[in-house]
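Tertiary structure, described
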Amino acid sequence: MNTKEHKDLSQLCIHSITTKPWKIEEAAKNFSEVGVRGVTVWRDALEGRNIKQTGKMLREHDLTVVSLCRGGFFPHKDVSKRRSAIDDNRKAIEEAAELGTSMLVLVCGADPSQSLEESRKQIRDGIAAIIPDASAANVKLTIEPLHPMYADTRSAINTLAQANDMAEALNSPWVGVAVDVYHLWWDPFLEKEIKRCGENGNLMAFHICDWKIPTTDMLLDRGLMGEGCIPVKQIRSWVEATGFTGFNEVEIFSNAYWKENQADFLQKIIKAYKEHS
Ligand code: ZN
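This write-up is about the structure you can find in this document. As the structure is a computational prediction, the values presented were derived from the model and not from experiment. (Residues numbered from 1 in each chain as written. Predicted model: local features only at pLDDT ≥ 70, side-chain atom pairs only at ≥ 80, totals over all residues. Heavy atoms only, no water.)

**A closer look at the overall build of the protein chain**
The secondary structure content of the protein chain amounts to ten helices and eight strands. Relative to a compact globule of 277 residues, whose C-alpha radius of gyration would be 19 Å, the protein chain shows 18 Å and is just as compact. Here the C-alpha coordinates of the protein chain stretch approximately 45 × 45 × 35 Å along the principal axes. Within the span of the protein chain, comprising 277 residues, buried residues form 54% of the whole. In the protein chain, of all internal contacts separated by at least 6 residues, the share reaching a separation of at least 24 is 80%. Charge-centre separation for the protein chain: the mean point of 34 positive side chains lies 1 Å from the mean point of 39 negative side chains. (Helix = DSSP H or I, 4+ residues; strand = E, 2+ residues; numbered from the N terminus. Rg over C-alpha atoms; globule rule 2.2 N^0.38 Å. Buried < 20%, exposed > 50% of the residue type's maximum accessible area, 1.4 Å probe, protein only. Contact = heavy atoms within 4.5 Å. Lys, Arg positive; Asp, Glu negative; His and termini not counted. Charge placed at Lys NZ, Arg CZ, Asp CG, Glu CD.)

See the structure below:
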């Protein structure tokens, strides 16, 4: 295990949704003031804004725009819905390029009215259809496997092995995977699969938070690192052992934390990052 201490914030990125009550302009100012250097922007934070100017504003606050969240949701039984999903992903790629980020995170989707296998086939076809757009825009597509509790409607890709299989089958420099500890911590093959995507050059993003005990909401009760049962430091050591030098992205959806004073919450994020990741 990597015993190196991580006390600086140079690799800390925070997702805009983590501090959802803040407008993106407020988040930029507040992140920057405390020394955070990366931000991943959720598309809802861009509503009603000029995307290019927003990207410029973020860079003026010394923030790297790590990625845009999110594209995906490819599978639909209905072919016209599959086509509009592809159109929406093309739009997301354009938005990522305008924002000045080189990565679009994919939450791949699932349609419960068909088999998971069929949904996975549609995901593969959907990603294949947008690879030329991604290449033209210089935007990488990262497949984020989601915890199996979301296999009904959010993602038919639920393990890192499945994401790795998909990325390898697509075999494109524009497609990789995102490792999110919330979705993958339970997987007995996690270390092996992290090594696999690292060796293939497919490991593109690393998301952190914690799994609270008990978790009271399947979506909106994520914890700060150290608050639950995920061995974040250990997983980070596996990620870094592959040579990954990207950002550690704090992605917390939490009704409880969104109700708090966000400046206090930001301090808690930094403390948790220094002590437990
Ligand atoms: Zn994530």
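**As for the packing of aromatic side chains**
Inspection of every chain in the model, using the stated rule, returns five aromatic pairs. Between the aromatic rings of W22 and F31, the centroid separation amounts to 6.4 Å while the plane-to-plane angle is 65 degrees, which identifies the pairing as edge-to-face. Residue W22 is classed as buried on the basis of its relative accessible area of 13%. Note on F31: relative accessible area 0%, which makes it buried. With 4.5 Å between their ring centres and 10 degrees between their planes, Y257 and F265 make a pair best called stacked. Y257 gets classed as buried once you look at its relative accessible area, which sits at 8%. (Phe/Tyr/Trp six-rings, centres within 6.5 Å; stacked < 30°, edge-to-face > 60°.)

**Brief notes about the sheet that holds strand β6 (residues 175-180)**
Around the barrel, eight strands lie side by side as β1-β2-β3-β4-β5-β6-β7-β8; this closed barrel has parallel pairing. Across the sheet, the mean angle separating the axes of adjacent strands is 30 degrees when strand polarity is ignored. Alignment of strand β5 (residues 140-143) against β6, held across three bridges, turns out to be parallel. Looking at the pairing, I143 lines up with V177 of β6. On the sheet, helix α4 (residues 116-137) packs against β4 (103-107), β5 and β6 and is oriented at approximately 150 degrees with respect to β5. (Pairing = 2+ DSSP bridges. Axes fitted to C-alpha atoms, helices over the stretch in contact; angles between N-to-C directions.)

**Topic: helix α7 (residues 190-199)**
Among the residues of α7, L190, E193, I194 and C197 are the ones counted as buried. Take α7 and look down its axis: the buried residues cluster within an arc of 105 degrees, on one side only. For α7, the exposed residues lying more than 90 degrees away from the buried face are K192, K195 and E199. Residues of α7 that are buried make contact with α5 (160-170), β6, α6 (181-184), β7 (203-208) and α8 (232-241). One or two steps after α7, the chain reaches G201, where phi turns positive at roughly 75 degrees. (Arc of directions from axis to C-beta.)

**Quick word on unusual backbone geometry**
Between C69 and R70 the backbone carries a cis peptide bond, its omega angle lying at 0 degrees. Following I213, the chain continues to P214 via a peptide bond in cis, the omega torsion being -5 degrees. Phi angles above zero are rare outside glycine, and N138 is one such case at about 65 degrees. Exposure remark for N138: the relative accessible area of 51% places this residue in the exposed category.

**Things to note about the coordination of the zinc ion**
Of the protein atoms, only E144 (OE), D180 (OD), H207 (ND1) and E251 (OE) coordinate the zinc ion, at distances of 2.0 to 2.2 Å. Each of the four donor atoms bound to the zinc ion contributes to angles spanning 82 to 155 degrees, and the resulting shape is irregular. Look at where the donors of the zinc ion fall in the sequence and you get E-x35-D-x26-H-x43-E. One end of the pair, D180, is in strand β6; the other, E251, is in the loop between β8 (248-250) and α9 (255-259), and 71 residues separate them in sequence. For D180, a relative accessible area of 0% puts it in the buried group. On the basis of relative accessibility, which here comes to 2%, the residue E251 falls in the buried class. (Donors = N, O, S within 2.8 Å, 3.2 Å for Na, K, Ca; no water. Tetrahedral: all angles 85-135°; square planar, octahedral: opposite > 155°, others 65-115°.)

Function cannot be read off these values alone, since they describe shape.
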